[in-house]
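Fold and geometry: a report
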Amino acid sequence: MNLVDLWLTRSLSMCLLFQSFVLMILCFHSASMCPKGCLCSHLGGLNVSCSNANLKEIPKDLPPDTTLLYLDSNQITSIPNEIFKDLHQLKVLNLSKNIIESIDEHAFKGVEESLQTLDLSDNRIKTVHKNTFNNLRARARIANNPWHCDCTLQQVLKTMVSNHESANSVICKTSVLEEHTGRSFLKADADLCNLPKKTTDYAMLVTMFGWFTMVISYVVYYVRQNQEDARRHLEYLKSLPSKQRKPDEADDISTVV
Ligand SMILES: *[C@@H]1O[C@H](CO)[C@@H](O)[C@H](O)[C@H]1NC(C)=O
Ligand SMILES: *[C@@H]1O[C@H](CO)[C@@H](O)[C@H](O)[C@H]1NC(C)=O
């Protein structure tokens, strides 16, 4: 009995020890695991290099201590909300040469302070939410995208005032202003955010002109109608046989003469 007991407790503790060992390995492994298709190297911070890895989306299992993240030359189509939010040490993010079309409003949440370089060049970005780059300190490269130049983009570029270089490189593929297309955004001095106001002003003017014309035509019609009535009334009065009207008639004749 005693022997069996001893054996049982021993095997149990061995089992527990083994389990915790396995758990420890698993934990350690997941903490520094390199995402599939990427190369990870420690060179004054974790360098996660996933260039040319046929990625269709940004890996969700990026190590939290990633400092440099190369995701360029893949087929990534979008940057979802808060995808980098745990990467508090991220300094360089290269998403160049992908097919990114959409960037969510809170895409860069969590890395606003740490990020120093953001490369979004050579993608398919037409527009971004006006708050997407808010509070982002990074120098951003946004050239070679089919930008649609409108009020939103103007506001976005204003939030990137420290990024003159990037704002300069924005070429309008399309624009709310016809003459803008194919030109650098900053070369156009028009305030794109005041255009809608101008069109409402114009609509207002047209409506007011319409009302004015209606009022005038009504007045003209009214006056004519009254003239007609007055003439008829006068004729009626003249046709009345009256003896007292004689001096009046004489007066009339004298004025005619
Ligand atoms: C990061 O790793 C890649 C691939 O190993 C390498 O080409 C690149 O130079 C490294 N970047 C830095 C800043 O060390
Ligand atoms: C990002 O990657 C592209 C393509 O590999 C490269 O040309 C560019 O210089 C990189 N940008 C930065 C900021 O390192």
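Residues numbered from 1 in each chain as written. Chains lettered and ligands numbered in written order. Predicted model: local features only at pLDDT ≥ 70, side-chain atom pairs only at ≥ 80, totals over all residues. Heavy atoms only, no water.

Selection rule: UniProt positions are given in the numbering used here, feature names are shortened, and annotations may be inferred rather than shown by experiment.
Per an unreviewed UniProt entry, the chain goes by Leucine rich repeat containing 3B and derives from Erpetoichthys calabaricus. What UniProt records for the chain under Subcellular location (unreviewed entry) is the sentence "Membrane". Regarding the chain, the UniProt comment filed under Sequence similarities (unreviewed entry) reads as follows: "Belongs to the LRRC3 family."

**Section: a nonpolar patch on the surface**
For clarity, the cut-off: Any residue with relative accessible area above 30% and no salt bridge may belong to a patch, with like charges joined within 9 Å and the nonpolar Val, Leu, Ile, Met, Phe, Trp and Tyr side chains within 5 Å. Surface accessibility in these figures is a Shrake-Rupley result with a 1.4 Å probe; residues are shielded only by whichever protein chains are displayed. Put simply, a salt bridge is a Lys or Arg side-chain nitrogen that is within 4 Å of an Asp or Glu carboxyl oxygen. With a 1.4 Å probe rolled over the protein chains alone, any residue whose accessible area is under 20% of its type maximum counts as buried; one over 50% counts as exposed, and the rest are partly exposed.
Together, Val215, Tyr218, Val219, Tyr221, Tyr222 and Val223 make up a nonpolar patch on the protein surface, roughly 620 Å² of accessible area in all. In this structure Tyr222 comes out as partly exposed when scored by relative accessible area, which is 46%.

**A closer look at the site of ligand 1**
Here is the rule: For this description, a residue counts as near a given molecule or strand if any of its non-hydrogen atoms is within 4 Å of it. Any pair of nitrogen or oxygen atoms within 3.5 Å is treated as a polar contact; in protein, a donor-acceptor pairing is required on top of that, and neighbouring residues in sequence qualify only through side-chain atoms on both sides. Strands here are runs of E lasting at least two residues and helices are runs of H or I lasting at least four, both read from the DSSP assignment and numbered beginning at the N terminus. Note on residue categories: nonpolar means Ala, Val, Leu, Ile, Met, Phe, Trp, Tyr, Cys or Pro, charged means Asp, Glu, Lys or Arg, and polar means any other residue, Gly included.
Residues in close proximity to ligand 1 include Leu43, Asn47, Ser49, Leu68 and Tyr70, which together make up its full environment. Separating an oxygen atom of ligand 1 from a side-chain N or O atom of Asn47 is a distance of 2.4 Å. Calculation on ligand 1 without its partners gives an accessible area of 360 Å², and the protein chains cover 48% of this total. For the shell around ligand 1, the secondary structure elements donating two or more residues are strand E2 (46-49) and strand E3 (66-70). Looking at the shell around ligand 1 residue by residue, the class counts come to three nonpolar, two polar and no charged.

**What to know about the sheet that holds E2**
To be explicit about the condition: Two strands are said to pair when DSSP picks up at least two bridges between them. Here, axes are lines fitted to C-alpha atoms. For helices the fit covers the stretch in contact, and angles between N-to-C directions go from 0 to 180 degrees.
The sheet built from six strands is open, its strands ordered E1-E2-E3-E5-E7-E8 with mixed pairing. The outermost strands of the open sheet, each flanked by one partner alone, are strand E1 (39-42) and strand E8 (139-141). Neighbour-to-neighbour, the strand axes of the sheet open up by a mean angle of 15°, direction not taken into account. Pairing of E2 with E3 involves four bridges; the strand directions are parallel. Directly across from Val48, in E3, lies its bridge partner Leu69.

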